[in-house]
Amino acid sequence: MGTEHSKNEARSSMVFLRKGPKLPAWEDALLSGKEPKSLLKRGLRYVSLSLIMKGMTSTPDFLWGLPEVQKLNLSRNQLVMIPPSLGKLDRLVVLNLGGNCLKCLPKEIGLLRNLKVLFANMNCLKEVPSELSLCRKLEVLSLSHNCISQLPLSFTDLTSLRKLNLSNNCFVQIPLCIFALRSLDFLHLGSNRLENIAESVQYLVNLQIFIVENNNIRTLPRSLCFITTLELLNVDYNAIQTLPDDLYLLRRLPRIAWNPMDKGLHIAHNPLSRPLPEVVEGGLDVLFNYLREKKEHN
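An unreviewed UniProt entry lists the protein under the name LRC30 protein, from Caloenas nicobarica.

What follows is the structure, encoded as structure tokens:
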């Protein structure tokens, strides 16, 4: 009878365990006796580890014992901090920290000398550590949807940077260090508090996509017209009343664009002075001809 009672208790315990909450994948792997390295995926290009959407509020300690990781995805959790141990993963090429609750990045991020891509968008960042400029191989940086209002001057050292997303932040002016990033071909500063674009924008000689929609910009600088590499210029939802006469020099703009994804000149929802609204309705060729003739007569 005692034996039968013990069996019933064991069955009850098993049922109770089955009904318990399911453990996150990485934790389940550890508790089942697997080595942390078994979580790594070895692809053609990178050794990667994905811990996306695991409900984590802190990073698991085993992570810092995996120095071979080259691509790490910690996005869409509830992480409030990244410890200094991040610097141990010095082979990282791609790091995704997007969609967390981070208020700062550790200065040890500067030890990631092989880092090429960093996503730290959709967090609570108010500043960026100057040490990030030590990541000289960085090519893609997204800091969108944060609370950043300035960048370190040392960012001028990020000479390999090609794509920079600073949209949905608190910038009142374009940080001066950006104008030194001559390799930039994509710059997104939409949904900030910009009131102007400095003449120094002309130094971004390789810029192809420039987005400054949804700001408080009143005029476009003449120097913007000399970035002849531009294929998409988005100034929708600003306070622009006039256009520079030399805008017709931007010959790579294919059309007046209305779809946000289309290349061309996006200039909708601005209080343009007459006759510009009617001219714009006629298309880009009509607009450019108008501006060219206007300049010739002046």
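I'd like a rundown of the overall build of the protein, residues and numbers included.
Along the protein, the regular secondary structure elements total four helices and 11 strands. Among the 298 residues that make up the protein, the fraction classed as buried is 47%. Long-range contacts, defined as pairs at least 24 residues apart, comprise 31% of the intrachain contacts of the protein with a sequence gap of at least 6. Surface summary for the protein: the accessible area is close to 15,800 Å², and the carbon and sulfur share equals 52%.

Before we move on, could you go through the sheet that holds strand 7 (residues 163–165) and cite the residues and values that matter?
The sheet built from 11 strands is open, its strands ordered 1-2-3-4-5-6-7-8-9-10-11 with mixed pairing. Here the strands that pair on one side only, and so sit at the sheet edges, are strand 1 (41–42) and strand 11 (264–266). Both strand 9 (residues 209–211) and strand 10 (residues 232–234) contribute to a ladder of three bridges, which runs parallel. Counterpart to I211 in the pairing with strand 10 is N234.

Any chance you could break down unusual backbone geometry for me, citing the residues and the numbers?
The omega torsion of the bond from R274 to P275 falls at 10 degrees, within 30 degrees of zero and hence cis. Structurally, the position occupied by P275 is in the loop between strand 11 and helix 3 (276–281). Phi at M53 takes a positive value of approximately 55 degrees, unusual for a residue other than glycine. Assignment of secondary structure puts M53 in the loop between strand 2 (47–50) and strand 3 (71–73).

Describe in detail the side chain of S223, supporting the description with residues and values.
Tracing the backbone through its elements, the reader meets S223 in the loop between strand 9 and strand 10. A relative accessible area of 2% means that S223 is categorised as buried.

Mind laying out the environment of F155, listing which residues take part and the relevant values?
Tracing the sequence through the fold places F155 in the loop between strand 6 (140–142) and strand 7. Each C-alpha atom, one on F155 and one on V128, is 9.9 Å from the other, the two residues being 27 residues apart in sequence. Ignoring anything within four residues of it in the chain, the contact list for F155 reads V128, P129, L132, S133, L141, C177 and L181.

Provide a residue-level description of the state of the cysteines, including the pertinent values.
Applying the stated rule across the entire model yields zero disulfides. In this model C101 remains outside any disulfide bridge; the closest cysteine sulfur is found in C124, 5.6 Å from its own. Classification of C101 by relative accessible area gives partly exposed; the value is 32%.

Quick one: what's the story with a positive patch on the surface, residue by residue and with numbers?
Taken together, the side chains of R45, K71, K116 and K137 present a region of like positive charge at the surface. Here R45 lies in the loop between strand 1 and strand 2. Judged by relative accessible area, R45 falls into the exposed class, the value being 67%.

For helix 4 (residues 284–297), give the residues involved together with the corresponding values.
The end-to-end C-alpha separation of helix 4 is 20 Å, in line with the 20 Å expected for 14 residues at 1.5 Å each. Residues L284, L287, F288 and L291 constitute the buried set of helix 4. Take helix 4 and look down its axis: the buried residues cluster within an arc of 95 degrees, on one side only. Summarising the geometry of helix 4, the exposed residues directed more than 90 degrees from the buried face are D285, E296 and H297. Buried residues in helix 4 make contact with strand 11 and helix 3.

Thresholds applied
- Residues numbered from 1 in each chain as written.
- Predicted model: local features only at pLDDT ≥ 70, side-chain atom pairs only at ≥ 80, totals over all residues.
- Heavy atoms only, no water.
- Helix = DSSP H or I, 4+ residues; strand = E, 2+ residues; numbered from the N terminus.
- Buried < 20%, exposed > 50% of the residue type's maximum accessible area, 1.4 Å probe, protein only.
- Contact = heavy atoms within 4.5 Å.
- Areas by Shrake-Rupley, 256 points an atom, 1.4 Å probe, with all protein chains shown as cover.
- Pairing = 2+ DSSP bridges.
- Disulfide = S-S within 2.5 Å.
- Patch = residues over 30% accessible without salt bridge, like charges linked within 9 Å, V, L, I, M, F, W, Y side chains within 5 Å.
- Salt bridge = Lys/Arg side-chain N within 4 Å of Asp/Glu carboxyl O.
- Lys, Arg positive; Asp, Glu negative; His and termini not counted.
- Charge placed at Lys NZ, Arg CZ, Asp CG, Glu CD.
- Expected span 1.5 Å × (residues − 1).
- Arc of directions from axis to C-beta.

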